[in-house]
Amino acid sequence: MKMMRFGLLLLLVLEMVAYPTIAAEQPSDSEIIARIAPNYNRQDIPKGKVTIFVQLYIKDVMKIDIDANTWDVEFIIRQQWEDSRLQYSIADTREYITASTLGDFATIWVPDTFITNSRAETAVPMERANKLLRIFPYGKIMYSSRYRMTLACPMSLSKFPFDEQHSHRKL
């Protein structure tokens, strides 16, 4: 009985070596993007009403300049919206695909979001990518971008040291 089990196991191992399982090669994220939107025009706004959810995460307040009424801040803006033109289905376990090349970013519509009280924008050091774009199968897009800006912030120090400063970011 032991010899038969060993023989079956050996046969199974030999079969796996001789005839490896050929898994369907999954397309890359860039290939999927190219397939789902062959006639996609990034100049066209998605169809229907587009609701954009915006989140702002402050990573660092680097400098507060009381004389210039500004503050230097590094932050991430995350935006989410739906674009039915980018819906796809794929026999894959991936929850989403990621636009990771400049070519991918250049093909997809993104909202033109800006901060009105920005005085200056500086480049963020390239320790990591400064942009991330994910496309979910049902057409949901999640776009994150990292910025370093000098923002205007009117300050009143008349009650110093008991004053409070409120700086609003206007998108």
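Each remark here, short or long, concerns the structure printed above.
Below: a short report on this structure. Bear in mind that the values here come from a model prediction, so they are computed numbers and not experimental data.

### Brief notes about the overall build of the chain
The secondary structure content of the chain amounts to 3 helices and 6 strands. Listing each helix as α and each strand as β along the chain from the N terminus yields α-α-β-β-β-α-β-β-β. Evaluated residue by residue, the chain yields a buried proportion of 30% over its 171 residues. Of all intrachain contacts in the chain linking residues separated by at least 6 positions in sequence, the fraction that spans at least 24 positions is 74%.

### Focus: the pairing of strand β2 (residues 70–82)
Along β2, 10 of the 13 residues are buried, which leaves the element largely enclosed by surrounding structure. In terms of strand pairing, strand β1 (residues 53–65) meets β2 through 11 bridges, oriented antiparallel. Looking at β2, one finds that V61 is bridged to V73. Where β1 folds back onto β2 in an antiparallel hairpin, the turn is made up of 4 residues, including N69, whose phi is positive at roughly 55°. Relative to strand β6 (residues 140–152), β2 runs antiparallel, the two sharing 13 bridges. In the sheet register, I76 faces β6, and the bridge partner there is R146.

### Side note on the nonpolar core
Within soluble globular proteins, side chains that are nonpolar generally end up buried alongside one another. Membership of the largest hydrophobic core comes to 17 residues, with the highest contact counts inside it found for L86, I108, L133 and I135. Secondary structure elements with two or more residues in this core: α2 (29–36), β3 (97–99), β5 (131–135) and β6. The element contributing the most residues to this core is α2, with 3 residues. Ignoring anything within four residues of it in the chain, the contact list for L133 reads I97, T98, A99, F105, I108, V110, I141, M142 and Y143.

Parameters at a glance
- Residues numbered from 1 in each chain as written.
- Predicted model: local features only at pLDDT ≥ 70, side-chain atom pairs only at ≥ 80, totals over all residues.
- Heavy atoms only, no water.
- Helix = DSSP H or I, 4+ residues; strand = E, 2+ residues; numbered from the N terminus.
- Buried < 20%, exposed > 50% of the residue type's maximum accessible area, 1.4 Å probe, protein only.
- Contact = heavy atoms within 4.5 Å.
- Pairing = 2+ DSSP bridges.
- Core = buried A, V, L, I, M, F, W, Y, C linked by side-chain atoms within 4.5 Å.

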